[in-house]
Every structure is written in C-alpha cells, then in structure tokens.
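Observations on chain architecture
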Amino acid sequence: MEFLIEHQLNIMLFLSGFCAALFVMVFFSRSIPLRRRLSLGAIELFAMLLLIFDILANIYRGGLGSVGFVMVRVSNFATFFLSLCIMKAFNQYVKSILSENEEHCDPSRLLTVVDILLYTGMALIVISQFTGIYYTFDDENRYQRGPLIMIQFALPLIALFIQLIEIMRRRKRLSKRMFVPLLLFIILPIIASLAQLFLYGLSLTNISIAAPSMTLYLFSLEDMNEKVKKAAEREIELLKEEHEAMQHMFEQTAMALASAIDAKDNYTHGHSRRVAEYSRRIAEKAGKSNEECDEIYYAALLHDVGKIGIPESIINKKGRLTDAEFETIKQHPVLGAKILEKIKDSPYLSIGAHYHHERYDGKGYPDHLKGEEIPEIARMISVADAYDAMTSLRSYRAPIPQQKVREEIVKCSGTQFDPEFAKIMLHLIDMDIEYKMIEWGEKNNERSGSELLIDSHRSEVSKSIHLINTLTVTSVTVKPFDRATGVLPRPSMILFDALDGQVHSSENEIKDMVYFEYGEIWFDGSTIVSGARKMQTNTIDEGSGKPDEYRIETARVKDHAIIRIVGEKQTNEVIIALPDSTRFAYIALTGEHCSLTDIRTEITETEVEIPRIAEEISYINEPAGDVPNVQVNGYRTAASEGIPVEDGMVLTFHAMSLPTARLVWHCPFLNVFGADDGKVYGDNYRDYMLVRLDGECWEGDPGCTVTAEHSRSDDFTGWDDWKDRSKAGFDCTFTFERKGNFITVRTENGGVVIRSTAEITDGNETIYAAVTGDQV
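Source: prediction; values computed, not measured.

About the cut-offs
- Residues numbered from 1 in each chain as written.
- Predicted model: local features only at pLDDT ≥ 70, side-chain atom pairs only at ≥ 80, totals over all residues.
- Heavy atoms only, no water.
- Helix = DSSP H or I, 4+ residues; strand = E, 2+ residues; numbered from the N terminus.
- Rg over C-alpha atoms; globule rule 2.2 N^0.38 Å.
- Buried < 20%, exposed > 50% of the residue type's maximum accessible area, 1.4 Å probe, protein only.
- Contact = heavy atoms within 4.5 Å.
- Areas by Shrake-Rupley, 256 points an atom, 1.4 Å probe, with all protein chains shown as cover.
- Pairing = 2+ DSSP bridges.
- Polar contact = N/O pair within 3.5 Å; in protein donor to acceptor, adjacent residues only side chain to side chain.
- Axes fitted to C-alpha atoms, helices over the stretch in contact; angles between N-to-C directions.
- Parallel < 35°, antiparallel > 145°, perpendicular 65-115°, else oblique.
- Left-handed = near helix turned anticlockwise from the far one by under 90°.
- Nonpolar A, V, L, I, M, F, W, Y, C, P; charged D, E, K, R; others polar.
- Core = buried A, V, L, I, M, F, W, Y, C linked by side-chain atoms within 4.5 Å.
- Salt bridge = Lys/Arg side-chain N within 4 Å of Asp/Glu carboxyl O.
- Phe/Tyr/Trp six-rings, centres within 6.5 Å; stacked < 30°, edge-to-face > 60°.
- Patch = residues over 30% accessible without salt bridge, like charges linked within 9 Å, V, L, I, M, F, W, Y side chains within 5 Å.

For the chain, the helix and strand inventory stands at 18 helices and 24 strands. The C-alpha radius of gyration computed for the chain amounts to 46 Å, which surpasses the reference 28 Å derived for 776 residues by more than 25%, pointing to a less compact arrangement than a globule. Once the C-alpha set of the chain is aligned to its principal axes, its extents read approximately 135 × 75 × 65 Å. Of all 776 residues assigned to the chain, the portion counted as buried reaches 48%. Nonlocal contacts in the chain, meaning residues at least 24 apart in sequence, comprise 69% of its contacts between residues at least 6 apart. Carbon and sulfur atoms form 55% of the exposed surface of the chain, whose accessible area is close to 38000 Å².

This is the structure in structure tokens:
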C-alpha cells in the first residue's frame, strides 16, 4: 500500500501518456465504426484529463497560495466530473456495440437509466461546489469529505451495476473478444470504488477507470480487425462462389456444345469428352499446372466444334470418303477456330480447334506447321485425338486393339506426333492394364449378361478369361437349352489368343486381331486340338457332388497350361502344351444345346505347377559369345548377364524376333542398371535406363535423369520392312561412352538411329548393361 501511495503519481502520469497516445490512434483506426470511435476517443481523452487533474490535485493539495487555492478546487471538481464523463462515454460505447449486433437498433431502457443517473451525478457535483454536500476544503486548503459523499460513490456504482446486468443479459450478442474488456471496465471501478471508501489518500477509482479504457481500445481494434478479416474472407468466398458458378456454367455450356458436336456423328459419341480427358492426363504427366491442365481439357473438349459446319451426309457416310469429301472435312479446324476465336477471354480454345490436325513433320493441315511451330496445346490434343479415333468404333471398322494402337503411336512418333507427348501417351497405354481407355460401352465382341443360350455349336460365346501363372477359378451352372427336346447339353470352352482377347470367326477379324486357336475342350474331357502342340486329359472319379454346377480351374506357366473341370461326379484335368511361351492364352465358355448361367470368376494367388508333356521350344541353341545366349519370351521375362559399363566399350550380338512377334517393340532392349550382385532384378536393383531398338527410351529409378534422341536415317524403308528384318535376324552394335556419372549409348538398326544419355545421380559407381527385350 505504501508503494502505491509513494508511486501513484508516476503511475498516473504513465497511464495519462498512454491514454493520450491511444486518443490519437483512435482516429486513425478506420476499421472501427464512427460511433464506436467517437465513444472510444472520448473515453481516452477523458481518462487522460482525469489522470492529469488527479495528479494536479495531489500536487497542489495543501497549497496556500492563490494558484494552489484555484488548482486544488479546479482539479478536484474535474476528477469527480470527468469520472462520470468517462462512464457516460462508456455507456454510449456499449449502446453502439449492442445496436450493431442486433437486427433492430432499439436503445436499451436500462442503459437509458444509466444516462439519467450519470446526468444526475454531474448536476450534484456542480451543486456541491456551492453547498459542500460532497466535499469541502479546510483552512490548509485540503480536501475534506462532505455529508453526502456516499451519494457521489453510490450513483456511479449503481450505474456500473446496471451496465453489468445489461452486458450479462446480452452477452450472447457480443463477441468473445469484447465481452472480457467490457466486464473489466465495469468490475474494476466497482471494486476500486468500494476500496476507495476505506483507503483515503489513494486514487484507486481513477486509476481503475483509466487502465481498462486502454484495454478497451486494444480489444475493440482486434475485434474489428477480426470482423474485417471475416468480411474480407466472406467477400472472397462470394467471389469464389461466383467464379465457381461461372466456371460451372462454362463447363455445362462446353459439355453441351461438345455433345452437340458428337451427336452429328453416329460413330463418335463421347469422343470429345474422351479426347479432353486423355489430353488432361498428358498435360499432367508433362508437368503442367492445374490451370494449364484445365485449359487443355476445354480446348480438347471443343477441338471438333468446326464439324458443326460440315454436312451430316459427309460426317455419317458409311465407308471411306472421296477426295472431295475429305477436303470438305479438312475445313473443320478453320471453321472451329472462327467460331471459338470470338471467346476473347479464352484464346486457347480456338488454338486447340485450329491446329489439332497439324503433324509434327509438317504434313498436316490446315497450315502445314512443323515441329514446335505447332502450339503445344494442339500437339497434346493431336495424339489424344488419334488414340481415341483408333480405339473407337467407326462405320468402316471395329475398334483397333490397344497393342496395335500403341504400335501406331510408336511408328508415328516424330512424324505425326510430338515425340515427348507420344511417349507420355505410350506410358498411359502401358499403365492401362485393364484397358479402360476405350470407347465406353463399345468394346468389340464383348458378350455380357446373366445367361448364355447356346443352341447350335458356338452360337454364343462368353467373355474371355485370361490364363495367368496363378490359379483362376470360374464357376458356372449348365442346363439344357430346351428341356422339351431331350437333347443333353454339351458345354465346352475355346482356348485361344487374340490381340483383343476375344473369339473371332471372320477372316478379316482373324487377320486383324492375329487370332490363334489352340483348341476346344469339352466339359467331359474330350478335346479338339488345333494350334496346341499336345493336349492330355486325366479323368478322376471324384466330383463336387453338385448337380448342374461346374468349377473350372485354370493356370498357365510358360508354354504349358492346365484346365481342371470339376463336375458333379468326376473331375477332368487337361494339360496343354502350347506352341510357345510368348502368346497369351484365354478361354471362352461355349458349347451346344445348353444354357450357361451364374458365371463367376475369381483370381487367386495360388501358384500352380504343371507337369510338362512336351519339350520347351528353344531358339538359342546357337554358338554363344562372351555371355550366354538368352531367349526372352515376353516383356523382359529374361535378360543376359550384367556387363560392367566402361568408357569405349562395344557390345555386339545377333538378334532375331520370335515367330510370334508381331509388333515393332518385339525387339531387343538394352537395360542399363545398378545392382550389388550385377544381376537384373538382383540385390538392391536400380533400373536406370531402358533403350528399345524401335526408338523408345524409358527412364527408371529416380536416381537417374535420361536424355533420349532417336531419328530415322535414309536406310529406314518403313516399319514393315523393319519388322521383317527383325524376324530374319540381324547383327546389333551398342557403343558406350562414360564420363563420370554420365553414360551415353549409341546404336543404329534398320535406319533407326538412337542416342541416349543417362546421368546417374544416386552416387552409384558400378553400372551394368544387359540385353533383354520382348519376344526376341
């Protein structure tokens, strides 16, 4: 207490200076509403003056001179009067807050009572100057309490209690930031006023009024800043919602226009949407931003808008177009650009429409642009458009199998397509294991349904089931086709291979899909051998005991397959020696005079061992060089020994694609890798670079960066000749250059010139090369 008495003048001086600073700052705080700023400014000004006059009252207390006489009376009057002025300004502040937080700005009746009390108190202070009812001064010019001094304390206390009641009553309408300082502003003066009654000589009431006034401003500023922030966020949210609404409208308009375009062509339903999706995927793989990917998507969605101006008789003509009709079709990029160039805010739309038929070698249309002269968006759309055109149904052909489509993209990389985007499209194809990137609902020859009704032999065929190196289990219910005839059902299955995994019967389809039939297997164990080397049936007199129900277990390991048919009373196990290990093997359920229902297939992880009934066919019983010969029956299913890479090393070998090879990448690959034991897929294996002789070059492990170049020399006479050369056999040479962690390999085969450089960045110093491939 003595400390406060000794230092209270310094405390009040500090607080008055702070209030003065806040008074100035209030009028620069534009985020606070004007009414609240005026109230806060008045509070800070009155608080500053209150403290200053209280300091003067203490300094001049007991002063007997004329100045002391005047200053003691003026300062004491001011302290009493200004404390009520502060409360009046605070009351206005509370009113402004409550009115801002209520729908109807009705003034509170309780706060009006507070105003009346404060005005009464002010009037009594003035009257006290003439009557001495509050205080008087003795002969030594010292302050003395008067007979009604308790009224001076009671009126403000009653006012504060009323304000407290009103704030508590409406606390739910106040923000949490403002509730606490409002309570402090009321409660501290109440406590100080009660203490002031018993602690004569201390200015607790005045200090307790000034201190919360400072926190009141700071919390008000923070509260308004938060409201401004929320308002700004809401405004941003509204703008975002407006943008999303406009974007949604744009999307719907674009989709409607794309649907209108596709509706003109009976054979391209969904074409624009698929091309847009493929183009977006290419852009994503190319590292484009989300905004760029969106632009490419919409440009691709509307790339064929010019077809609106092409006669439907030409668009829907069955069969191939005449030269004149094709010249008319070639006008659709120009027409599309004219339509879309009117959308000034999205110039990329007209670019996609205008240039998507340009070719990388300059032989496209309409402007014969070449290479990077063609806008990047159009180069992406070009390869996506070609892919969908090949995999979709046309009036003159069925969808082309994905492997053949992939081959076309490889062949046209660097001529029709930008090599970078062609490579990305190839990657998307390779990742599409389940062949989902195809025209929806139009898969060629795909049979589906809950029941197959098979009258004559093979009149209906089920969807195919792929034979893999783990057990696949298929269940089926078999019943007579027509019970009235009394003819027993004869279910069977066809064992075959085809590019599209479907059974074919027409000569054109057999040729196009490279259809090859191994034979037919009947559920009773009898077989018809066509393309297989051998079939052997073993019958076991144990079955499932379930009438009309069969369980078919299938697997394939290298050049052997097994089909186990479990019936009601017996099990027939058929082992098939396939002609090679390179073709795929599928079965499709069929038969005659039967219905097949409830067909279900489950792929398990159970590995199968198949007894060999024929010798494995080998094409490598030839003289070997420094490393043993290697036969690769499928994609990288085998590889030569690893050879440490040295600067100036030359690797030569003789290669021949297997008789089943039919695609350009059925050729040798060079694998550059790292492994602790020097073996492909060995310990701590890292795949750095894979170079295919058809010109494809793939980067593997993240610890490597690959730069690949391939071109075609004058010796290149076409891909058909290139494949014939591979089947006949040829000598291949790879040369190696190693400079630190950079490894460059070069080769030329049949006019395909390849130069690829790998930068090894993972610190591995021992690098190996091995020869592998696909059907070679």
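Our next topic: helix H15 (residues 402–412). Within H15, 8 of the 11 residues are buried, which leaves it mostly tucked inside the rest of the structure. Of all the positions in H15, only Gln402, Val405, Arg406, Glu407, Ile409, Val410, Lys411 and Cys412 are classed as buried. Against helix H14 (376–391), helix H16 (419–431), strand S18 (686–692), strand S19 (697–699), strand S20 (704–712) and helix H18 (719–728) lie the buried residues of H15.

The pairing of strands in a sheet happens through backbone hydrogen bonds and is either parallel or antiparallel. Read across the sheet, 5 strands follow the order S4-S13-S6-S7-S8 without closing on themselves; strand pairing throughout is antiparallel. The open sheet has two edge strands, strand S4 (465–466) and strand S8 (527–529), and neither has a second partner. Of the pairings in the sheet, the one linking strand S6 (residues 490–497) to strand S7 (residues 516–522) comprises 6 bridges and is antiparallel in character. Residue pairing for S7: isoleucine 494 is matched across the bridge by glutamate 520.

Quick look at the side chain of glutamate 520 now. Looking at the element boundaries, glutamate 520 is found in strand S7. Overall, glutamate 520 belongs to the buried group, its relative accessible area being 3%. Within the structure, glutamate 520 has its side chain in polar contact with the side chain of arginine 458 (distance 3.1 Å). A polar atom in the side chain of glutamate 520 sits 2.7 Å from the side chain of serine 492. Setting aside anything within four residues of it in sequence, one finds glutamate 520 in contact with His457, Arg458, Ser492, Met493, Ser526, Thr527, Ile528 and Thr590.

Our focus in this paragraph is the packing of H14 against H16. The interhelical angle for the contact between H14 and H16, taken along N-to-C directions, is 40°, at an axis separation of 10 Å. Our classification of the angle between H14 and H16 gives oblique. Seen along the crossing, H14 lies across H16 with a hand that is right-handed. Two secondary-structure elements touch here, H14 through Glu376, Arg379, Met380, Val383, Ala384 and Tyr387 and H16 through Phe421, Ala422, Met425 and Ile429. For the contact of H14 with H16, a count of residues per class yields 8 nonpolar, no polar and 2 charged.

Generally speaking, nonpolar side chains in soluble globular proteins are found buried as a group. Ile282, Ile409, Met425, Leu670, Phe734 and Phe736 are the most contacted members of the largest nonpolar core, which totals 82 residues. Considering every element that reaches this core, the biggest residue donor is H14, with 8 residues. For phenylalanine 734, the contacting residues outside a window of four places in its chain are Met649, Val650, Leu651, Phe653, Leu670, Val691, Leu693, Val745, Arg746 and Thr747. Of all hydrophobic cores here, the second largest spans 51 residues; its members include Ala47, Met122, Ile125 and Leu155.

Within strand S12 (residues 571–577), 7 of the 7 residues are buried, which leaves it mostly tucked inside the rest of the structure. Of the two faces of S12, both are covered, the one formed by Thr571, Glu573, Ile575 and Ala577 as well as the one formed by Asn572, Val574 and Ile576. Of the strand pairs in this sheet, strand S9 (residues 534–540) and S12 are connected by 7 bridges, and their pairing is antiparallel. By the bridge assignment for S12, threonine 537 is matched with valine 574. Once strand S11 (residues 560–566) ends, the chain turns through 4 residues before running back antiparallel as S12.

This next bit is on the environment of glutamate 759. Relative to the helices and strands, glutamate 759 resides in strand S23 (residues 752–760). The exposure class of glutamate 759 is partly exposed, given its relative accessible area of 28%. Considering only alpha carbons, one finds glutamate 759 and glycine 352, 407 residues apart in sequence, at a separation of 35 Å. If near-sequence neighbours (up to four positions away) are discounted, glutamate 759 is found in contact with Gly703, Cys704, Thr705, Asn741 and Phe742.

Here we take up the sheet that holds strand S17 (residues 668–674). Strand order in the open sheet formed by 5 strands is S15-S24-S17-S18-S19, with antiparallel pairing between adjacent strands. In this open sheet, the two strands that pair with only one neighbour each are strand S15 (643–644) and S19. Pairing of S18 with S19, which is carried by 3 bridges, proceeds in the antiparallel orientation. Paired with leucine 690 across the bridge in S19 is tryptophan 698. Here H16 sits on the sheet in contact with S18 and S19, set at roughly 70° to S19.

Tracing the backbone shows lysine 411 in helix H15. Among residues more than four places away in sequence, those in contact with lysine 411 are Val664, Arg712, Trp719, Asp720 and Lys723.

Turning our eyes to something else, we now look at the pattern of salt bridges. Enumeration over the complete set of coordinates arrives at 33 salt bridges. Between aspartate 115 and lysine 88 there is a salt bridge, and its shortest N-O distance comes to 3.0 Å. Of this pair, aspartate 115 sits in helix H4 (residues 109–131) while lysine 88 sits in helix H3 (residues 66–100), and the two are 27 residues apart along the sequence. Judged on exposure class, the residue aspartate 115 and its partner lysine 88 are both buried.

What follows is about the packing of aromatic side chains. With the rule as written, the count across this model stands at 18 aromatic pairs. Ring centres of phenylalanine 77 and phenylalanine 81 lie 5.5 Å apart, and the angle between their planes is 20°; this geometry places the pair in the stacked category. In this pair, phenylalanine 77 and phenylalanine 81 are both assigned in helix H3, 4 residues apart and thus about one turn of the helix distant. Relative accessible area serves as the criterion here: at 27%, phenylalanine 77 is assigned to the partly exposed category. Ring plane angle 25° and centroid distance 5.7 Å describe the contact between phenylalanine 673 and tyrosine 768, whose orientation is recorded as stacked. With phenylalanine 673 in strand S17 and tyrosine 768 in strand S24 (residues 768–773), this pair connects stretches of sequence that are 95 residues apart.

Okay, unusual backbone geometry next. In this structure, the amide linkage connecting tyrosine 365 to the following residue, proline 366, adopts the cis form with an omega of 10°. Checked against the element boundaries, proline 366 lands in the loop between helix H13 (347–355) and H14.

Right, let's talk about the environment of alanine 422 for a bit. Within the secondary structure layout, alanine 422 lies in helix H16. Considering only alpha carbons, one finds alanine 422 and arginine 406, 16 residues apart in sequence, at a separation of 9.6 Å.

Take the packing of helix H9 (residues 290–301) against H14 next. Where H9 meets H14, the closest approach of the two axes is 10 Å, and the angle between their N-to-C directions is 60°. The pairing of H9 with H14 is recorded here as oblique in orientation. The two elements H9 and H14 meet at a crossing, and its hand is right-handed. Residues Ile296, Ala299 and Ala300 of H9 lie in contact with H14, whose contacting residues are Ile377, Met380 and Ile381. Per-class residue counts for the contact of H9 with H14 are 6 nonpolar, no polar and no charged.

Turning to a nonpolar patch on the surface, a few remarks are in order. On the surface, Val24, Phe27, Phe28, Leu34 and Leu38 cluster together to form a nonpolar patch covering roughly 520 Å² of accessible area. Assignment of secondary structure puts leucine 34 in helix H2 (residues 34–59). Using a relative accessible area of 53% as the deciding quantity, one classes leucine 34 as exposed.

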